[in-house]
Structure formats: structure tokens, C-alpha cells
Amino acid sequence: MKKYVLFPLFCIFLISCGQTQEKKTEETMEQEAPKEEVTQKEPTDPKETEVWEPAREIVNPTGQNGAPSDAIVLFDGSNLDEWVSAKDGGPAQWVLNDDGSMTVKDKTGDIKTKRNFGSVQLHVEWRSNSESTAEGQAKSNSGVYLQDLYEVQVLDNNDNPTYINGQAASIYKQAPPLVQALVPTGEWNTYDIIYHAPEFDAEGNKTKSGTITVLHNGVLVQDHFELQGTTEYIGWPKNNAHGKGPIKLQDHQDMSGVSYRNIWVRELD
Ligand code: MG
């Protein structure tokens, strides 16, 4: 009788041991098995890694008075038609010069583009005032604002020290330039700016920071800097939701005498 009882119990024990062993083996395999990466078979023909379509749009890099053929020319020296006064939306009051440049007309206020932009590639040339005897932040202070909110500083820092996050090519009060790459006072500087606008969700929360890269006279001075928010004179950066906005040039209202020329933009979104 005992045999009949013990035999089934013995069988259950064996099965249980087998299952445990199987489970352990699976776990061990999971731990020890190398991670299987999904990889394509290594190409053996160079053609396998060539991409032909869609063909790239052809852009003449010196298409419109030196601007790329797909750029929007914002100022070529002939008029201020693309600009308005930031103060009242009326005609821009800055001085149009015979040499194809324009100069800040003191206390007439900032000027901004009629058009609104998101992410852009922006080219700007500017010249400090060689007559200025001012010091610090008062010496040829102006600025290039992306979306009306984020300032890339314009200033004459030749023999003119100031706080480094407020010197030329700084992202004002946020990021000093990596190096100071100014040309001599009174000569033309170039800014080539790659700007990616910040993104916000439907509730107005920032979901992605804006970024700015700046080449100053061809030298990298801002390397994909992640904006903390607006560039405030006093206070911390702000992050209120916004859409597209104008490009703005600053009248610092202290006889800066800064001039601009050859301004063009390429939209990136
Ligand atoms: Mg400024």
C-alpha cells in the first residue's frame, strides 16, 4: 500500500525539480546570453550605403548680393522696407547710409522685421563706432534679438572690459563667448547664427529649450548653447510660451552709433 502512495509523490518531486532546473537554466541564459542587437548585415558593396533620393535643392551660395539664393534678404543697403519701429510699428527711423549700411538713430528705438520667424540661419554684419569714447556697456552697444526675446550682444570690447556674459557675441547674461573674436574697432564684424526656437506644449510649458550657435567673424563663439529663457537685463530668464517672432536690432539709447549691413536669413522650419 505504501508503494502506491510514495510512487506518485516521487514522480511529482521529479517533475518539480525539472521545472525548477528549467527555470534556472532560462534565467541563467537570460543573464549570460549576449544582448542580441538588431543589426543589418554588413554591406559588402559600396552601393548599399549610397543614398540618391530625394535630390537636394540647388542653392547658389552667393545668389543675391552675396546672400544664398534661398535666403530672405532683410537688408541690402537700398531701403528699410523689411523693418519697422519696435516701439510703435511705424516706419524704421534708423539712418540709411550711402555705403549700403544703416546706423542706429539714437533714441528712435529698436527696429524689428515685419516678418516673424522660428528657427533660422541668420547672417548679420555690424560695425562699432570708431568715434565713441564711451566705456563698458555704453561703447557701441546694440544687439541682435531672435524672436524678439533672445539677445546676441553687440558691443565694442576692444580695450573695453566688461562682464563677460555681456561682452560681444555673448548670449546676454547667460553665456559668454568661447573666445573674443572682434575685428579692430570701426571694421565690419560678421555674425552667423544658427538658432533653433524653443518648443512649448498646449499648456504653455516649455518642452524643448531653444539653442544658439554663433560664428563671429568665422570663429565659433557659441556652440549650440541651450537657452535658459529670455535674456533679461535685470532678473532671471523667463520661459513664457511664444510662437514665431521678429528679428530685432537694439537701439541702446546711448549714442552707440552702431551700423549694420548685409542682413539675410534662411528659415529652418
Ligand atoms: Mg545690447
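No experiment lies behind these values; they were computed from the predicted model shown. (Residues numbered from 1 in each chain as written. Predicted model: local features only at pLDDT ≥ 70, side-chain atom pairs only at ≥ 80, totals over all residues. Heavy atoms only, no water.)

**Describing the sheet that holds strand E7 (residues 142-146)**
Where we set the bar: At least two DSSP bridges between two strands are needed for those strands to be called paired. The secondary structure listing takes helices from DSSP runs of H or I that are at least 4 residues long and strands from runs of E that are at least 2 residues long, numbered from the N terminus.
The antiparallel open sheet is built from 5 strands, whose spatial order is E2-E5-E14-E7-E8. Edge positions in the open sheet fall to strand E2 (83-85) and strand E8 (150-154), since each of these has one partner strand only. As judged from the 3 bridges shared by E2 and strand E5 (residues 111-113), these two strands associate in the antiparallel manner. By the bridge assignment, Trp 83 is partnered in E5 with Thr 113.

**Some details on the coordination of the magnesium ion**
Heads up, the rule is: Donors, by definition, are the N, O and S atoms found within 2.8 Å of a metal, the threshold being 3.2 Å for Na, K and Ca, and water is not counted, so a site can look incomplete. Note on exposure labels: buried denotes an accessible area under 20% of the residue type's maximum, exposed denotes more than 50%, and partly exposed covers the range between, all computed with a 1.4 Å probe on protein chains only.
Surrounding the magnesium ion are the protein donor atoms Asn 141 (OD1), Ser 142 (O), Glu 151 (OE), Gln 153 (OE1) and Gln 250 (OE1), which sit 2.2 to 2.3 Å from the metal. Counting residues between consecutive donors of the magnesium ion along the chain gives the motif N-S-x8-E-x1-Q-x96-Q. Taken together, the residues Asn 141 in the loop between strand E6 (120-127) and E7 and Gln 250 in the loop between strand E14 (248-249) and strand E15 (259-267) connect sequence positions 109 residues apart. The exposure class of Gln 250 is buried, given its relative accessible area of 11%.

**Quick look at the nonpolar core**
For soluble globular proteins, nonpolar side chains are generally found buried alongside one another. Just so we agree on the cut-off: Throughout this description, the term nonpolar core refers to a set of buried Ala, Val, Leu, Ile, Met, Phe, Trp, Tyr and Cys residues connected via side-chain atoms within 4.5 Å. Any pair of residues with heavy atoms lying within 4.5 Å of one another is described as a contacting pair.
The biggest cluster of nonpolar side chains holds 42 residues, and the ones touching the most others in it are Trp 83, Leu 122, Tyr 191 and Tyr 260. Elements with a contribution of two residues or more to this core: strand E1 (72-75), E6, E7, E8, strand E9 (188-196), strand E12 (211-216), strand E13 (219-226) and E15. Once residues lying within four places of it in the same chain are set aside, the contact partners of Trp 83 are Leu 74, Phe 75, Ala 92, Met 102, Ile 111, Lys 112, Thr 113, Lys 114, Ile 247, Leu 249 and Ile 263.

**Things to note about unusual backbone geometry**
In this chain, Glu 53 is followed by Pro 54 through a cis amide linkage whose omega measures -5°. On the secondary structure map, Pro 54 appears in the loop between helix H1 (2-32) and E1. In this structure, His 224 takes a positive phi of about 55° despite not being glycine. Overall, His 224 belongs to the partly exposed group, its relative accessible area being 48%. Positive phi values are uncommon outside glycine, yet Gln 253 reaches one of about 65°. Relative to the assigned elements, Gln 253 resides in the loop between E14 and E15. Residue Gln 253 is classed as partly exposed on the basis of its relative accessible area of 42%.

**Let's talk about the pairing of E7**
Along E7, 5 of the 5 residues are buried, which leaves the element largely enclosed by surrounding structure. Residues of E7 alternate between two faces, with Ser 142, Val 144 and Leu 146 on one and Gly 143 and Tyr 145 on the opposite face, all of them buried. With 5 bridges connecting them, E7 and E8 associate as antiparallel partners. Pairing of Tyr 145 across the sheet is with Glu 151, part of E8. As consecutive antiparallel partners, E7 and E8 are separated by 3 residues, and within that stretch Gln 147 has a phi angle of approximately 50°, a positive value. Pairing geometry for E7 and E14, over 2 bridges, is antiparallel. Across the sheet, residue Tyr 145 finds its bridge partner in E14, namely Lys 248.

**Considering the pattern of salt bridges**
Put simply, the rule is: For this document, the term salt bridge refers to a Lys or Arg side-chain nitrogen within 4 Å of an Asp or Glu carboxyl oxygen.
Throughout the structure, instances matching the rule amount to 9 salt bridges. In this structure, Asp 269 and Lys 244 form a salt bridge, with 4.0 Å as the shortest nitrogen-oxygen distance. In this pair, Asp 269 is assigned in the segment after E15 and Lys 244 in the loop between E13 and E14, connecting sequence segments 25 residues apart. Judged by relative accessible area, Lys 244 falls into the partly exposed class, the value being 48%. Linked through salt bridges whose partners overlap, the residues forming this network are Asp 110, Asp 148 and Lys 248.

**Some thoughts on the confidence of the model for the protein chain**
Rule in force here: The predictor reports its confidence for every residue as pLDDT, a score running from 0 up to 100.
Mean pLDDT over the protein chain stands at 90; residues scoring 70 or higher make up 86%. Counting contacts from residues 1-18, a segment whose pLDDT is below 50, to residues more than four positions away or on other chains yields 1 contact. A low-confidence stretch, residues 20-25 stays under pLDDT 50, and its non-local contacts, those more than four residues away or across chains, total 0 contacts.

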